[in-house]
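Single-letter residue listing:
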Amino acid sequence: MRKLYETREISCQPYLDQRPGTAGLRKKVTSFKQPHYLQTYIEAIFRTLRMPADSSLIVGGDGRYFSLEAIQIIAEIAIAHGVRQIITGIDGRLATPAASYLIRNRGAAGGLLLTASHNPGGPDGDFGVKFNTASGGQAPESLTEAIYANSRTINRYSTCDLPDLPLSATGTYQFGQLSLEVTDSAADYADQMEGLFNFEKMRDYLGSGHRLAFDALHAVTGPYAREVFCRRLGAPDDCILHSEPLPDFGGFHPDPNPVDAAHLVDLANSPQAPDLIAASDGDGDRNMILGPGLMVSPCDSVAIMLAHASRVPGYTRGIAGVARSMPTSRALDQVAASMDIPCFETPTGWRFFCNLLEAGLIDLCGEESFGTSSSHTREKDGLWAVLFWLNLLAELRQPVGDIVADHWGRFGRHYYQRQDFFIENLDAAQTLINELGAGLAGLIGQSVGGATITQASDFCYEDPVDHSHSSHQGLSVECSDDSRIVYRLSGTGTEGATLRIYLEKYINDAGKLAMPLGQTLAPLADRAAALARIEHYTGLSRPTAAI
Ligand code: VG1
Ligand code: CO
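Residues numbered from 1 in each chain as written. Chains lettered and ligands numbered in written order. Predicted model: local features only at pLDDT ≥ 70, side-chain atom pairs only at ≥ 80, totals over all residues. Heavy atoms only, no water.

So, on to the coordination of the cobalt ion (ligand 2). Around the cobalt ion (ligand 2), the protein contributes the donor atoms S117 (OG), D281 (OD), D283 (OD) and D285 (OD), at 1.9 to 2.2 Å from the metal centre. Mapped onto the sequence, the donors of the cobalt ion (ligand 2) take the spacing S-x163-D-x1-D-x1-D. With S117 in the loop between β5 (110-114) and β6 (126-133) and D283 in the loop between β12 (276-279) and β13 (288-291), this pair connects stretches of sequence that are 166 residues apart. (Donors = N, O, S within 2.8 Å, 3.2 Å for Na, K, Ca; no water. Helix = DSSP H or I, 4+ residues; strand = E, 2+ residues; numbered from the N terminus.)

So, about the sheet that holds strand β4 (residues 83-89). Taken together, 7 strands build an open sheet; the order of strands is β2-β6-β5-β3-β4-β9-β8 and the sheet is mixed. With partners counted over all chains shown, the strands left at the sheet margins are β2 (25-28) and β8 (171-175), one partner each. Within the sheet, the average angular offset between the axes of one strand and its neighbour, ignoring direction, is 20°. Here β8 runs beside strand β9 (residues 178-183); their pairing, made up of 5 bridges, is antiparallel. In the sheet register, Y173 faces β9, and the bridge partner there is L180. Set on the sheet, helix α3 (residues 67-80) makes contact with β3 (55-61), β4, β5, β6, β8 and β9; between it and β4 the angle comes to about 160°. Against the sheet, helix α4 (residues 96-105) engages β3, β4, β5, β6 and β9, with an angle of about 165° to β5. (Pairing = 2+ DSSP bridges. Axes fitted to C-alpha atoms, helices over the stretch in contact; angles between N-to-C directions. Contact = heavy atoms within 4.5 Å.)

Around ligand 1 there are 20 residues in total, and T22, S117, H118, G491 and T492 lie nearest to it. One nitrogen or oxygen atom from the side chain of S117 is found 2.5 Å from an oxygen atom belonging to ligand 1. The side chain of D285 places a nitrogen or oxygen atom 3.0 Å from an oxygen atom of ligand 1. Taken together, the residues that form the shell around ligand 1 break down as 2 nonpolar, 9 polar and 9 charged. (Near = heavy atom within 4 Å. Polar contact = N/O pair within 3.5 Å; in protein donor to acceptor, adjacent residues only side chain to side chain. Nonpolar A, V, L, I, M, F, W, Y, C, P; charged D, E, K, R; others polar.)

What follows is about the packing of helix α2 (residues 37-49) against α3. Viewed as axis vectors pointing N to C, α2 and α3 meet at an angle of 40°, and their least axial separation amounts to 10 Å. One way to sum up the angle between α2 and α3 is to call them oblique. The crossing of α2 and α3 is right-handed. Contact residues: L38, Q39, I42, E43 and F46 in α2; A70, I73, I74, I77 and A78 in α3. Along the lines of polarity and charge, the residues of the contact of α2 with α3 split into 8 nonpolar, 1 polar and 1 charged. (Parallel < 35°, antiparallel > 145°, perpendicular 65-115°, else oblique. Left-handed = near helix turned anticlockwise from the far one by under 90°.)

Running from N to C, α2 and helix α5 (residues 141-151) cross one another at 120°; their axes reach a closest spacing of 8 Å. Overall, the two elements α2 and α5 adopt an arrangement that is oblique. Here α2 runs over α5; the crossing is right-handed. Along its contact with α2, which presents Y41, A44, I45, R47, T48 and L49, the element α5 presents L143, A146, I147, N150 and S151. In terms of residue class, the contact of α2 with α5 is made up of 7 nonpolar, 3 polar and 1 charged.

The next subject is the nonpolar core. Grouped together as the largest cluster of nonpolar side chains are 72 residues, with contacts concentrated most on F197, F229, W384 and W389. For this core, the leading source of residues is helix α13 (residues 382-396), giving 12 residues. Ignoring sequence-local partners within four residues, the contact set of W384 consists of Y189, M193, L196, F197, M305, Y315, L364, T372, S373, S374 and H376. Judged by nonpolar contacts, the second largest core, of 46 residues, contains Y5, Y37, I42 and F46. (Core = buried A, V, L, I, M, F, W, Y, C linked by side-chain atoms within 4.5 Å. Buried < 20%, exposed > 50% of the residue type's maximum accessible area, 1.4 Å probe, protein only.)

Of the two faces of strand β17 (residues 364-367), the one holding L364 and G366 and the one holding C365 and E367 are both buried throughout. Pairing between β17 and strand β18 (residues 371-374): 4 bridges, direction antiparallel. Along β18, the bridge assignment pairs C365 with S373. The antiparallel pairing of β17 with β18 creates a hairpin that spans 3 residues between the two strands, and F370 there sits at a positive phi of about 70°.

Right, let's get into the sheet that holds strand β21 (residues 451-458). The strands that make up a sheet are held in pairs by hydrogen bonds between backbone atoms, and each pair lies either parallel or antiparallel. The strand order across the open sheet built from 7 strands is β20-β21-β24-β25-β26-β19-β27, with neighbouring strands paired in antiparallel fashion. In the strand order of this sheet, the two ends are held by β20 (447-448) and β27 (545-546), each with one partner. Where strand β19 (residues 413-423) and β27 come together, 2 bridges link them in antiparallel fashion. Within β27, the position partnered with Q419 by the bridge is A546.

Turning our attention to the pattern of salt bridges. Counted by the stated rule, this structure contains 35 salt bridges. For D161, the salt bridge is made with R8, and the minimal N-O distance between the two is 2.8 Å. A residue pair is termed long-range when its members are at least 10 positions apart, and D161 in the loop between β7 (156-159) and β8 and R8 in strand β1 (residues 8-11) qualify at 153 residues. For R8, a relative accessible area of 36% puts it in the partly exposed group. Of the charged contacts, one joins R64 and D62 as a salt bridge, the two residues approaching to 3.0 Å between their closest N and O atoms. We note that R64, like D62, is buried. Among the ionic contacts, a cluster of salt bridges with common partners joins R324, R330, D333, E345, E478, R484 and E504. (Salt bridge = Lys/Arg side-chain N within 4 Å of Asp/Glu carboxyl O.)

This next bit is on helix α7 (residues 199-207). Every buried residue of α7 is accounted for by F199, M202, Y205 and L206. The buried residues of α7 occupy one face: seen down the axis, they fall within an arc of 120°. Exposed positions of α7 whose direction lies more than 90 degrees from the buried face are E200 and G207. Contacts made by the buried residues of α7 are with α6 (185-194), β10 (212-215), α8 (222-232) and α13. (Arc of directions from axis to C-beta.)

As structure tokens, this is what we get:
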């Protein structure tokens with residue numbers, strides 16, 4: 001008779017601060033290390049879900065500091081809630097899109113993704129837990145709110161004592177009533193990508209003198225990139241930079257953007273620039289695309305993907321519709337209109353795309369925050385986006401810059417920038433938003449910086465599939481000079497507040513498509529700062545970062 005692991009109840013005090021943000025619960029590692037902190041949140045998830053007996057669960061993440069302890073704690077609580085199979089990756093690492101795919105592919109009841117994504121890692125960095133449903137998609141707001149409500153009442157949880165889980169090599173192990181499978185997720189993922197892209201063409205492209213550089217920023221994508229680009233596409237080993245996943249990301253801030261990955265902008269601007277330069281974030285769901293002399297704005301990237309989708313094998317059957325988050329530029333709308341397909345505008349956060357994807361209403365979607373993906377999975381997918389661009393380059397045999405310039409020539413250019421203001425005092429940030437929101441109606445018709453405000457609204461979304469409402473999803477101000485400003489507070493930070501201001505100006509004048517970005521948007525930035533009285537509320541006269 002095999003040993004059964006007996007469960008026991010542990011008493012604890014509830015924590016009251018476990019409200020998930022834009023994408024899961026993110027806190028400092030030091031918060032997660034408080035007694036019973038992770039345990040109460042996991043207990044709240046299981047109590048809310050009431051998974052069927054004998055469920056399978058995908059558990060894994062970006063491998064950041066505290067991940068291995070977390071997997072052990074989760075497995076011990078999962079047994080007590082009837083989970084009979086846990087599937088994870090080597091060393092507990094699963095890129096977010098790969099985890100989403102595994103959930104669907106293995107018919108799991110859901111997944112616990114251990115990541116704080118683009119937030120820094122290490123003992124003083126951040127940790128996070130995100131729950132994905134059986135569809136592979138992020139839990140909807142109604143579910144995360146129910147988990148939060150439950151977490152505030154947890155004063156006991158069930159667990160057991162398992163031996164240290166063997167995570168360092170693939171295999172299947174039995175611990176009493178629990179089966180643990182450690183899978184080679186990179187191989188599974190690469191198989192999926194082979195079904196979507198023209199690997200032969202990309203191999204030819206890379207074999208004929210074209211070069212790729214992919215920076216994994218010492219985060220989760222290193223082994224995936226090696227499998228896809230080197231083993232299956234024949235790219236040289238040294239095209240993967242910082243490929244070894246490290247618990248502290250080797251000190252990198254694993255956020256692929258021109259500020260945190262400025263070295264890639266330098267590489268793009270150097271005479272040795274490879275044909276395609278790309279990077280992903282901590283958990284592998286974001287992508288940054290650069291070519292000689294330029295970075296492709298994520299808003300343009302998704303629009304260009306749509307314009308060329310019929311050239312990529314996985315999308316030749318057509319695109320049902322597309323979606324973008326509200327602050328993302330309207331470059332995508334322009335292409336969708338030309339193809340006569342719907343373009344949905346959702347609140348920030350990937351979870352809002354999930355219903356649309358599941359219902360087959362969209363096949364492609366993206367966010368300005370370097371996130372793009374398609375109906376092949378229910379998360380954004382960093383390497384998928386790089387492969388999409390590589391497939392395009394192999395097909396068009398044109399430099400990245402020419403593809404972008406041609407696109408602007410055809411559709412006009414949405415000059416775009418996000419400015420982040422880090423504000424230590426959360427209340428000051430909230431007051432700024434409240435005051436601006438309260439005065440919105442009065443702004444319409446006012447003249448600012450030579451333009452008239454034509455629209456001002458507090459974005460409220462009704463999900464077309466389940467008809468749920470999400471209010472206060474960002475303040476938007478549109479002006480008569482084809483410009484738009486959006487204001488919102490970040491929901492992924494773990495201290496203070498980050499005010500995000502999104503600036504967009506549409507220009508469709510052939511002679512004005514290659515103007516310097518910062519200079520072109522400077523008057524709009526001044527207008528945005530004046531309207532929200534940023535300096536008055538925060539003392540800040542300039543953004544902390546412009547991305
Ligand atoms: C940010 C981005 C948002 C993205 C989210 C999760 O949220 O703006 O577009 O979906 O991060 O991305 P916020 O609330 O900080 O603006 V990831 O790659 O960190 O899971
Ligand atoms: Co991420």
